[in-house]
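# Descriptive structure summary
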Amino acid sequence: MPSRSGQVFENRNPADREDLIGYFQESSVADAEAAIAAARRAYLQWRLVPAPKRAEILFKAAALIVERKEQFAHDMTREMGKVLEETRGDVQEAIDMTFFMAGEGRRQYGQTVPSELRDKFAMSLRQPLGVCSMITPWNFPMAIPSWKIMPALVCGNTVVFKPATLTPLSAFNFIKVLEDAGLPKGVVNLVTGGPDVGTLMSTHDEVKVVSFTGSTQVGRLVSQNAAPWFKKCHLEMGGKNIIMIMDDARLDLAVEGCLWGGFGTTGQRCTAASRIAVHEKVYDRFVEQFTRRAGALRVGNGLDRETQMGPVVSESQLNTVMKYVEIGKQEGATLLTGGHRLESGSCAKGFFHEPTVFGDVDPGMRIAQEEIFGPVVSVMRCRSLEEAIDIGNGVAYGLSASIYTADINNAFTAMRDVYTGIFYVNAPTIGAEVHLPFGGTKATGNGHREAGTAALDVFSEWKSIYVDFSGKLQRAQIDT
Ligand code: NAD
């Protein structure tokens, strides 16, 4: 449906600015209001559809995404740049989440417990909340919407969905699947607008849940906007994740993990390993191998089979990366490899940057504290596990962390003492699976979790029900 304003915006390939993907509706506040009204109307019916029947639509949707996976991955690489292997993974995550949440249609367990009174029955069950606003970023343009939309739907809510303006095609592909799977009109409503639309979605009276994934800066605004209306507000925000490498670690494995964690998705994952703390006994050996391998990564268009790292998503993201490279140099860190924009040959038409590694980084430097969200990794020296854990915890964020070690005591100590929502042993900071809770502590999140059955807690509330079949007044805590 066209925007009421009649305005559109361009969507171009970050690997090749001459490649125009299409024009998309620049949704206005009036469009968002209409979407919320449609979601409200649809809620009155959708909440009454039995959950296993809602789930049947999700099962169909999952099967359709399987059929369309290759096309969706191709579209996604074109619009946001990450390599085809990774966009296939993004679509696969949406498939996994859709199947997983479809299964929840026959679960959503409550509790039945004995009442303290005779002839009285006591139980609790989940109930939906109503219209849910979903505001998402561009780096996982199909996976992240699926983490939010599928649990919301299976619980009986309806949805207004605003994707990042950089990735409207993947959002459209996803929503089209739901329509083709038979989701009734108005149950999910797509608005492709910017911050003004997001603001309305965080404040509107009819919206009961705001589920946001994006930067901490915008998450704070969303939280402030939603608070006066007592909306349930679920925030997943920035990260500054660490890999800790102990002196007993398998270095070859750690190098592989750091390359994938640091430069996968061009470092543009909320869980990206942008910090590495290495025990001083193995620091030089690690840095030599890691720097050589990072410098040899093949950068290019994500649709090219040979490419290992794609472009950054936009000009402004590229400028941020270049700004932080300058900050790192000024702070006195050692630039070990990279540090430049790539502008020649196959990189001439896009936003490409070299994989960049800084060594001798002090944990207090800005490059080790602030989220860069690009292919820049800071390597720090540590003398012990305790020091590595202190460095790990010494940032504002708390999403993901990992340790490479052969010592089970080190592994369990770190698992216990690193304060993040996700932790890995002998694997990098990325690689979450849909059936476990996903989210972070401190400035990364506000205590909720996506994925797993934890997601149901965001999109439902508990109702406790007491049925008295005694035929007389029984007073709890008074009558015995
Ligand atoms: P962003 O915060 O700029 O935008 C996120 C979304 O918010 C977009 O849809 C945007 O249009 C919208 N928005 C902008 N202003 C708004 C406002 N005033 N009110 C409501 N909505 C508004 O983030 P981004 O650049 O799209 O994504 C990168 C960020 O996302 C990084 O910080 C990254 O760490 C984070 N992220 C976090 C997770 C996680 O699960 N913790 C996952 C992926 C990305």
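Residues numbered from 1 in each chain as written. Predicted model: local features only at pLDDT ≥ 70, side-chain atom pairs only at ≥ 80, totals over all residues. Heavy atoms only, no water.

This brings us to the sheet that holds strand β9 (residues 232-236). Strand order in the open sheet formed by five strands is β7-β6-β5-β8-β9, and the pairing between neighbours is parallel. Every interior strand has two partners, whereas the edge strands, β7 (188-190) and β9, have only one. Strand after strand, the sheet turns through a mean of 15° between neighbouring axes, direction not considered. Pairing of strand β8 (residues 207-213) with β9, which is carried by five bridges, proceeds in the parallel orientation. The partner of Val-209 across the bridge, within β9, is Lys-232. (Pairing = 2+ DSSP bridges. Helix = DSSP H or I, 4+ residues; strand = E, 2+ residues; numbered from the N terminus. Axes fitted to C-alpha atoms, helices over the stretch in contact; angles between N-to-C directions.)

The axes of two packed helices give the description: the angle between them and the distance between them. Close contact between helix α2 (residues 51-80) and helix α5 (residues 168-180) brings their axes to 9 Å; oriented N to C, the two are set at 165°. Taken together, the axis directions place α2 and α5 in an arrangement best described as roughly antiparallel. Along this stretch, α2 crosses α5, giving a crossing that reads as right-handed. The residues of α5 that touch α2, namely those facing Ala-61, Leu-64, Ile-65, Arg-68, Phe-72, Asp-75, Met-76 and Glu-79, are Pro-168, Leu-169, Ser-170, Asn-173, Phe-174, Lys-176, Val-177, Leu-178 and Asp-180. Considered class by class, the residues forming the contact of α2 with α5 number ten nonpolar, two polar and five charged. (Parallel < 35°, antiparallel > 145°, perpendicular 65-115°, else oblique. Left-handed = near helix turned anticlockwise from the far one by under 90°. Contact = heavy atoms within 4.5 Å. Nonpolar A, V, L, I, M, F, W, Y, C, P; charged D, E, K, R; others polar.)

What follows covers the side chain of His-204. Among the structural elements, His-204 can be located in the loop between α6 (195-203) and β8. In this structure the side chain of His-204 is engaged in a polar contact, spanning 3.0 Å, whose partner is the backbone nitrogen of Glu-206. Aside from chain neighbours lying at most four places away, what touches His-204 is Glu-33, Ile-36 and Lys-231. (Polar contact = N/O pair within 3.5 Å; in protein donor to acceptor, adjacent residues only side chain to side chain.)

Along the polypeptide, Thr-158 turns up in strand β6 (residues 158-162). With sequence-adjacent residues up to four places away left out, Thr-158 is seen in contact with Ala-39, Arg-40, Ala-42, Tyr-43, Trp-46, Gly-130, Val-131, Cys-132, Gly-186 and Val-187.

Our next topic: helix α7 (residues 216-226). At 3.6 residues per turn, the α-helix brings residues three or four places apart onto the same side. For α7, the complete set of buried residues consists of Thr-216, Gly-219, Val-222 and Ala-226. An end-on view of α7 places all buried positions within 115° of arc, on one side of the element. Opposite its buried face, α7 presents the exposed residues Gln-217 and Arg-220, each directed more than 90 degrees away. Those residues of α7 that are buried lie in contact with α6, β8, β9 and β17 (397-398). (Buried < 20%, exposed > 50% of the residue type's maximum accessible area, 1.4 Å probe, protein only. Arc of directions from axis to C-beta.)

Here the focus is the site of the ligand. The environment of the ligand is made up of 28 residues, and the closest members are Thr-136, Lys-162, Ser-215, Met-237 and Glu-371. Within the side chain of Ser-215, a nitrogen or oxygen atom sits 2.6 Å from an oxygen atom of the ligand. Summarising the interface, the protein chains cover 89% of the accessible area of the ligand, which totals 860 Å² for the free molecule. Taken together, the elements giving at least two residues each to the shell around the ligand come down to α6, β8 and α7. (Near = heavy atom within 4 Å. Areas by Shrake-Rupley, 256 points an atom, 1.4 Å probe, with all protein chains shown as cover.)

It is worth spelling out the sheet that holds strand β18 (residues 400-404) at this point. With mixed pairing, the seven strands of this open sheet are ordered in space as β12-β15-β16-β11-β10-β18-β19. Each of the sheet's edge strands pairs with one partner strand only, and the pair in question is β12 (334-337) and β19 (422-425). Looking at each pair of strands side by side, their axes are set apart by 20° on average, direction ignored. Where strand β15 (residues 356-359) meets strand β16 (residues 376-382), three bridges bridge the pair, whose relative direction is parallel. Of the residues in β16, the one forming a bridge with Val-357 is Val-377. Packing of helix α9 (residues 283-295) onto the sheet brings it into contact with β10 (241-245), β11 (273-279), β12, β15 and β16, and relative to β16 it is tilted by some 170°. The strands touched by helix α12 (residues 385-393) within the sheet are β10, β11, β16 and β18, with β16 carrying the most contacts at an inclination of about 145°.

The phi dihedral of Phe-230 is positive, around 55°, even though this residue is not glycine. Of note, Phe-230 is situated in the loop between α7 and β9. A positive phi angle, near 55°, is found at Thr-265, a position not held by glycine. Positionally, Thr-265 belongs in the loop between α8 (251-263) and β11.

For Ala-476, the location among the structural elements is in the segment after β21 (461-468). Judged by its relative accessible area of 33%, Ala-476 falls in the partly exposed class. Sequence-wise, Ala-476 and Ser-115 are 361 residues apart; in three dimensions their C-alpha atoms are separated by 9.5 Å. If we ignore the near neighbours within four places in the chain, the residues touching Ala-476 are Glu-116 and Leu-117.

Orientation of α2 relative to helix α4 (residues 143-154), taken along the N-to-C sense of each, is 145°, at an axis distance of 9 Å. Between α2, through Ala-51, Arg-54, Ala-55 and Leu-58, and α4, the contact on the second element is made entirely by Met-150, Leu-153 and Val-154. When grouped by side-chain class, the residues that make up the contact of α2 with α4 number six nonpolar, no polar and one charged.

According to the domain assignment, the protein consists of domain 1 (8-237 + 445-465) and domain 2 (242-425). Averaged C-alpha coordinates put domain 1 and domain 2 at centres separated by 31 Å. Counting from both sides, the interface comprises 22 residues of domain 1 and, opposite them, 25 residues of domain 2. Taking both partners together, domain 1 and domain 2 bury about 2,000 Å²; carbon and sulfur atoms supply 63% of that area. The largest contributions to the domain 1 side of the interface with domain 2 come from Ala-15, Glu-86 and Trp-138, which together make up 26% of the buried area. Inspection of the domain 1/domain 2 interface yields two salt bridges. Note that Lys-349 is salt-bridged to Glu-18, the shortest N-O span being 3.3 Å. Between the two partners, domain 1 and domain 2, sit six residue pairs in polar contact (both at pLDDT 80 or more). (Domains from an automatic or database assignment. Buried area = accessible area lost by both parts, 1.4 Å probe. Salt bridge = Lys/Arg side-chain N within 4 Å of Asp/Glu carboxyl O.)

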